[in-house]
Every structure is written in C-alpha cells, then in structure tokens.
Amino acid sequence: MKFRLIIVLCIIFAFTSVPAQDSGKKVMTRKESLLLPSWGNYSWSLCGKGIAFTKRDRDPKTYESKNHIWIYNTETGEQFQLTSSHKGESNPRWLPEGRIVFNSSRDGKNKMYVINVSGGEAQPMFKDEDAPTSGSFSPDYKKLVYTKTTDRADKEEWEKKEKDKDDGYFWEKKLTWRHIWVYDIESEEAKQITSGKFDNGGAVWSPDGKWIAFTSNRSGILFRGNNNNDIWIVPSDSGAVRQLTTNKGPDQSPVFSPDGKMIAYASSPREGHGADHMDVMVLPFEGGTPQNLTGDFDLSISSPKWSKDGEYLYFTAGPSPSSYLYRVPAAGGEIVKVSPEDDFVYRRFSMTEDGTKWLFTGRSNKTTGEVFTANIDFSNMKNILSPTKHLGEFEVARDEVIYWKGADGWDINGMLTYPLNYEEGKKYPTILMVHGGPYGMFSKAYSITTQIWAARGYAVIRGNPRGSRGQSFKFGHANNMDWGGKDYQDVMAGVDKVISMGIADPEKLGIMGGSYGGFMTFWVITQTDRFKAAIGHAAIADWFSFFGQTDIPQYLQYGFGGFPWETKKTWEKFSPIEYIENVTTPILITHGDEDYRVNLQQGWQYYRSLMMLNKTVEFLRFPREGHAILEPLHRLQLDREQEKWMAKYLMPEKYEELIAKEKEKEEKK
C-alpha cells in the first residue's frame with residue numbers, strides 16, 4: 001500500500017456560543033462544532049431507489065458519540081432512522097431483497113448484523129463466532145473476501161513470555177503477515193488463499209466471482225518506505241497467484257472491467273517518491289503491456305471506476321483548490337471533465353448497480369458534506385440531502401480563493417477568510433495557517449477552523465505553496481531538497497498579498513500549523529520576526545533526529561535527496577533548531593504524548609532550547625493523544641489555550657476579557 005503522509009493541521013477549538021452582531025445567529029465555536037451531527041457512509045441500494053447512510057450525534061454533556069443508520073428514499077425524498085442500538089452502528093451496505101448489513105458491538109463484540117429495511121430486529125449475519133467482521137461480497141453475495149493477519153509462529157511461547165514479563169524483543173522483525181481469505185457464507189467456512197511472508201490487501205472480485213485481484217509489495221525490502229506495490233491475481237477458491245504488474249513504483253486500486261477482460265488501476269513509475277502523481281492504467285486480465293490513459297494529464301488521479309458498458313473510465317483529480325470527476329475512453333483518447341465547475345468541491349463518487357446514476361458529496365465555502373445525485377452524464381443533478389442545513393443557525397464569514405505570485409514569479413493560490421462582520425478599509429489581526437504534508441492542500445470548502453477564528457475577529461490566510469498537491473508534477477516536486485526554502489517564500493508572499501489588500505495588519509500577524517505546518521511554524525520564526533505570536537502542533541525541530549523517530553522515513557529520504565549522512569548539509573540547513581537563537585516570536589508548542597508520526601521529543605527539543613535562551617514559550621502536552629488531538633475535553637482545552645495565546649499578543653483587550661471570564665468561572669465553582 002502506498003504510504004502517504006497523513007495531513008494533520010493544527011486543530012483549533014473554542015468553547016462558547018456567541019450571537020453574531022445584529023443577525024441573531026450564532027457564531028461557530030469548537031463546542032458548537034463538536035455537537036453538530038455528522039453524516040457519512042453513503043451507499044446505493046441495488047435497485048438505486050434507496051440510500052443508506054450513518055448519522056452521528058454527540059451527547060452535549062459527556063460528548064459521547066453514537067452512529068445510527070438512516071435510509072433515504074430517492075423516489076419520495078423521505079428519510080427515516082433504521083437502527084437505534086445503544087452501542088451504535090457503522091458501515092451499512094446493501095444486500096439483495098432490501099436487506100442491509102452493518103457492523104455493531106451490541107453484543108459486546110464487533111460483528112456483522114443484517115436487518116430488513118421494511119422493519120424487524122437485526123440479527124447476527126453469522127452464527128460462527130470466528131466469522132469475519134468486514135470484507136467485500138462476491139457478485140452473487142455468497143462469499144466474502146477479507147484480510148486477516150497471521151498469528152506469530154511462536155504465539156503460545158510469546159504469550160507466556162508476556163505473562164512472565166520476560167518479553168524483550170528486537171525492533172522491526174516481521175513476525176506476522178496479512179493475507180487474503182474467502183469466507184463461504186452458506187457453509188460458514190473460511191479459506192486462506194494467499195500465503196508466504198508478504199502482506200496483501202486491496203482485494204476485489206472479478207465480475208464472475210472466479211478471481212480476486214489484490215495488491216502486494218513483494219520486493220523483499222521492509223521498513224524502508226519502499227512503495228513497490230504490484231497487482232496480483234489469484235483464483236477465489238485458492239490456487240497459484242499470478243503477478244500482473246512489474247512497475248517499480250506503486251500500482252494500486254485495481255478494478256475489473258464489466259466483462260472481466262481488463263483491469264484498471266492507479267499507478268506511478270516513481271519508486272519511493274513523496275510527491276507521487278498517479279495515472280490511470282489499463283491492462284488485459286491475461287497480462288500484457290499496460291496502457292497509460294492519463295499520461296498527458298498533468299494532475300494526480302484517484303479512484304478509477306469503469307462505466308457499466310466498459311467504454312469509459314472515471315476518476316477524480318484537481319486542479320487545486322478544487323476537485324472534479326473526469327472521464328477517459330478505456331481505449332485511450334480525450335479526457336473530459338464531467339462534474340460542473342461551480343462553488344463546490346465534489347468527492348466520494350459512487351455509481352448505481354445499473355450504471356445510470358451517481359451519488360456524491362460536495363462542499364462549498366458555506367456548506368459541508370452536501371449530498372447529490374445525478375444521471376451518469378451529470379444531467380438532472382439534485383441536492384438530495386443537506387447534512388449542513390443547520391449551518392443556517394450560524395453566521396458564516398466571507399471566504400474566497402485568492403491568487404498571488406510566489407518565489408520565481410510562480411502562480412500560487414490559497415484561501416482568504418475575512419473576519420466576521422468585516423468592515424472595508426479596516427485592518428485586522430491576521431493568522432497564517434500552513435498545511436501539513438508537505439503535500440497537503442487547502443481546498444475551497446467550508447472550514448470550521450477558519451470560521452472559528454473569523455468569529456473571533458481574525459483574518460485567516462491558507463496558502464498552497466509549491467509542494468502542495470492538486471497541481472502539476474513539477475509544482476508538487478518543486479520543494480524537493482528545499483523544505484522551508486521557496487515554499488516559505490510562497491506563503492510569506494501570500495501574507496504580503498493580504499496586507500496589500502488592506503485587510504491584514506502587518507503589526508498583528510500570527511502563524512500556526514501542525515505536522516509539516518508545525519515545522520514551518522518552527523522554521524518561519526527562526527527566519528523572520530514579522531509574527532507576533534506562533535502556535536506549532538506536532539512540529540519538527542531537527543530533521544536529522546526526526547529521521548530516526550518517525551514511521552515515514554521514506555518521505556524524508558525523498559524530500560532531502562538522500563539519507564541524512566548522504567545529504568547532511570541539506571538536512572541541517574532546513575532544521576529550525578540550527579537557528580533557534582534567532583527566535584523572538586512568543587510560541588505555544590502543543591503535542592500528543594503518543595505521537596508516533598512526529599515524536600514528542602521534537603517538541604521537547606525546541607521547547608527546552610528556547611527555555612534555556614529565556615525566550616517566551618509554553619509546552620502543552622496531551623496524554624493518550626497521537627498526531628492529532630481527538631478527545632473532546634482535550635480539544636476544548638487546546639482551543640482555549642490557543643485562543644488566549646493569539647489574543648495575548650494580537651488582541652490584548654480581548655485577552656484581558658478571556659482571563660476575566662476564566663477567573664469568574666473559577667470563582668463560581
């Protein structure tokens with residue numbers, strides 16, 4: 001499976017609900033956002049007349065959340081709640097005869113359950129206690145393909161060692177393997193159909209149910225970030241596996257053509273590449289030379305899908321800051337944009353069983369997660385569900401795409417969120433947010449985070465500097481061996497742009513970000529004193545030590561053009577810790593104690609150095625948290641501290657109000 005640097009932006013929160021000026025509406029806060037219902041997992045019925053989805057509600061006192069399954073009737077527009085277990089339900093999928101299978105732990109153990117849409121009580125799908133809890137159904141719904149990790153060969157001995165606390169172990173010694181299994185639903189028998197010391201995944205059925213395609217990295221190179229996944233074929237009742245692709249880069253997301261004669265997949269020829277651009281490839285099932293259908297299309301594709309007649313392949317791609325559905329003939333030819341160019345960013349496309357309609361979601365700068373249907377040619381497009389209609393209760397700050405010239409005169413885009421109740425000609429405290437990755441991207445979609453800051457009176461800039469995804473390969477590759485170089489210049493040019501627009505107050509600038517955005521925050525304040533406040537979450541201080549601490553060393557090898565001992569000067573050149581004495585900006589450092597992507601020691605190193613230099617710095621840590629802060633009460637605390645930190649240095653009067661409210665609250669306890 002291709003590794004991707006999970007893009008984690010510094011999570012921003014608030015804890016009160018305040019009416020906006022004159023409108024009578026509320027402004028967005030983190031507490032309000034935590035309590036918003038969340039919809040997802042949309043699934044077409046086999047006849048195309050119903051849609052199953054999940055809706056999550058959260059208890060306003062405990063913040064405990066539960067998902068339940070709902071049904072939407074595409075003919076009448078009616079919807080109703082189907083399940084209501086106190087344990088909740090997830091992952092609804094349709095079966096023949098109007099039945100739905102879903103997951104729940106209502107009996108104390110995660111199982112697959114079946115329920116009829118017309119009513120009745122849900123029943124476990126399998127009597128077998130060892131039956132799979134996930135997987136993909138065969139075309140006739142009689143079998144289930146899934147993955148299962150093998151036990152250690154020394155399982156019994158190891159369990160005894162753990163019990164006796166005699167359990168020292170060697171790191172990065174592979175002892176278990178993920179294999180493909182097929183479960184016969186009628187006989188309740190499971191069969192392992194792959195073997196050997198390899199991990200396998202991404203299994204999909206052929207239309208006749210006789211074959212399974214899957215991905216596997218069998219290069220023999222482990223723990224080094226090798227992304228050489230190939231596509232393999234195996235009989236669904238077990239047998240010899242056959243390698244279908246031999247590309248040195250990643251091959252993934254295989255999907256059979258309707259007649260089973262071809263396989264389409266996403267592929268990149270670049271081995272170990274951090275800024276992969278994937279293409280749509282097709283290859284005969286029997287093997288042969290792959291055909292690249294998007295070789296001249298300079299955007300990275302994802303999610304290839306066949307048309308029902310096998311004449312076309314659909315896929316999603318940018319350009320930044322949006323996303324569209326495209327179509328290309330399966331035999332090669334002109335690529336056509338299918339989805340409309342409007343205010344929405346469209347994603348998560350799924351096709352009806354008969355291939356005549358689409359189901360998909362869309363987000364704009366005023367709405368999140370709207371649900372649409374359309375004919376296969378995108379005629380008769382309808383907004384059928386509006387999970388975010390409740391946003392009508394809230395004041396929404398103006399948000400727009402802006403463009404500017406970055407380093408070397410390159411065209412850079414980004415998002416500008418205006419302060420709520422913006423007044424023309426007035427300058428405002430402004431926050432520069434930097435995304436993670438570095439191959440992330442800010443899209444033109446509603447952002448709760450920026451709306452929260454806008455409600456507090458800040459303008460927010462979110463730039464997509466070179467290295468961001470959603471544009472050409474040249475653009476995505478341009479920050480190679482230059483992390484913190486020209487991408488830094490690009491985002492700073494965005495700040496200058498908003499200052500020139502008369503919106504940003506150059507004396508009241510803040511910066512924040514998480515992961516790579518956290519690195520950039522650490523980096524920027526060593527390069528300039530223009531920012532009066534900074535917040536860095538899960539940030540990197542020293543690239544050399546980070547290489548030995550992270551689970552994604554391959555990205556660093558790519559980003560710095562070699563290992564630390566091979567390109568040492570570059571690793572040192574862009575490590576913020578090398579310039580720590582330059583810092584004058586007050587900074588709040590935040591980190592999860594159990595972050596295995598960016599180790600806690602990175603934050604410690606930066607914090608300890610600044611403390612020794614008598615700089616203004618605080619270090620806020622969260623037990624049990626990983627790369628992102630997820631526990632509700634932690635999220636609320638993080639937000640309170642972030643709000644105070646920015647206010648202290650950019651809005652002193654607001655800061656005094658916040659402190660006074662905190663004291664008043666404490667006195668009432």
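(A) Looking closely at the overall build of the protein chain. Looking only at helices and strands, the protein chain has 12 helices and 36 strands in total. Taking 2.2 N^0.38 as the reference for a compact globule, 669 residues should give roughly 26 Å; the C-alpha atoms of the protein chain span a radius of gyration of 26 Å, in line with that estimate. The buried share of the protein chain, reckoned over its 669 residues, is 53%. Within the protein chain, contacts between residues at least 6 apart in sequence are counted, and of these 53% link residues at least 24 apart. Accessible area for the protein chain stands at about 30,500 Å²; split by element, carbon and sulfur atoms hold 48% of it. Where the 84 positive side-chain charges of the protein chain centre and where its 88 negative ones centre are 1 Å apart.

(B) Broad picture of the sheet that holds strand β33 (residues 504-514). Read from one edge of the open sheet, eight strands run β29-β30-β32-β31-β33-β34-β35-β36, paired in mixed fashion. The open sheet terminates on both sides in strands that have one partner only, identified here as β29 (399-405) and β36 (617-622). Averaged over all adjacent pairs, the angle separating strand axes in this sheet is 20 degrees, with direction ignored. When β33 meets strand β34 (residues 533-537), the two strands line up parallel, connected through five bridges. The partner of M512 across the bridge, within β34, is I535. Against the sheet, helix α3 (residues 448-455) contacts β30 (411-417), β31 (428-434), β32 (459-464) and β33, and its axis sits at roughly 165 degrees relative to β31. Lying over the sheet, helix α11 (residues 632-650) contacts β31, β33, β34, β35 (587-592) and β36, oriented at roughly 155 degrees with respect to β34.

(C) How the structure looks around the pairing of β29. Bridging between β29 and β30 involves seven bridges; their strand directions are antiparallel. Bridge pairing in β30 links I402 to G414.

(D) Seen up close, the environment of S267. In this structure, S267 sits in strand β18 (residues 262-267). Note: C-alpha distance between S267 and Q602 (335 residues apart in sequence) is 34 Å. Those residues in contact with S267 that lie beyond four places of it in its chain are N247, P250, D251, H277, M278, D279 and M281. Looking at S267, its side chain comes within polar contact range of the side chain of D251, at 2.5 Å.

(E) The packing of aromatic side chains, seen in detail. Going through the model one piece at a time under the given rule, you end up with 48 aromatic pairs. Aromatic side chains Y324 and Y326 sit 6.5 Å apart centroid to centroid with 85 degrees between the ring planes, which places their arrangement in the edge-to-face category. It is K174 that lies over the ring of W177; its NZ or CZ is 5.2 Å from the centre. Lying across the ring of F285, R242 places its NZ or CZ 5.0 Å from the centre.

(F) The arrangement of the pairing of β18 in detail. Among the six residues in β18, five count as buried, and that is most of the element. Sheet topology note: the strand β17 (residues 251-256)/β18 ladder contains four bridges and is antiparallel. From the neighbouring strand, V255 faces β18, where its bridge partner is A264. A loop of five residues connects β17 with β18, the two strands running antiparallel in sequence, and G260 in this loop sits at a positive phi of about 75 degrees. As defined by bridge partners, β18 adjoins strand β19 (residues 279-284) across six bridges and the pair is classed as antiparallel. The residue bridging A266 from the neighbouring strand is V280, located in β19.

(G) Molecular detail of the sheet that holds strand β3 (residues 65-73). Within the open sheet, the four strands sit side by side as β1-β2-β3-β4. Their pairing is antiparallel. The sheet is open, and its two borders are formed by β1 (38-44) and β4 (79-81), each paired with just one other strand. Between one strand axis and the next, the sheet turns through 25 degrees on average, direction left out of account. Sheet topology places β3 next to β4; three bridges connect them, and they run antiparallel. Opposite W70, over in β4, you have Q81 as the bridge partner.

(H) Layout of the environment of A459. Examined against the element boundaries, A459 turns out to sit in strand β32. If we ignore the near neighbours within four places in the chain, the residues touching A459 are T417, P419, P429, T430, I431 and I503.

(I) Spatial organisation of helix α12 (residues 652-668). With 17 residues, α12 extends 25 Å between its outermost C-alpha atoms, agreeing within 8% with the 24 Å of an ideal straight helix rising 1.5 Å per residue. Among the residues of α12, Y655, L658 and I659 are the ones counted as buried. Relative to the axis of α12, the buried residues are bounded by an arc of 95 degrees and lie together on one face. Those residues of α12 that are exposed and angled more than 90 degrees off the buried face are E653, E656, K661, E667 and K668. If you follow the buried residues of α12, they end up packed against α11.

Definitions and cut-offs
- Residues numbered from 1 in each chain as written.
- Predicted model: local features only at pLDDT ≥ 70, side-chain atom pairs only at ≥ 80, totals over all residues.
- Heavy atoms only, no water.
- Helix = DSSP H or I, 4+ residues; strand = E, 2+ residues; numbered from the N terminus.
- Rg over C-alpha atoms; globule rule 2.2 N^0.38 Å.
- Buried < 20%, exposed > 50% of the residue type's maximum accessible area, 1.4 Å probe, protein only.
- Contact = heavy atoms within 4.5 Å.
- Areas by Shrake-Rupley, 256 points an atom, 1.4 Å probe, with all protein chains shown as cover.
- Lys, Arg positive; Asp, Glu negative; His and termini not counted.
- Charge placed at Lys NZ, Arg CZ, Asp CG, Glu CD.
- Pairing = 2+ DSSP bridges.
- Axes fitted to C-alpha atoms, helices over the stretch in contact; angles between N-to-C directions.
- Polar contact = N/O pair within 3.5 Å; in protein donor to acceptor, adjacent residues only side chain to side chain.
- Phe/Tyr/Trp six-rings, centres within 6.5 Å; stacked < 30°, edge-to-face > 60°.
- Lys NZ or Arg CZ within 6 Å of the ring centre and 35° of its normal.
- Expected span 1.5 Å × (residues − 1).
- Arc of directions from axis to C-beta.

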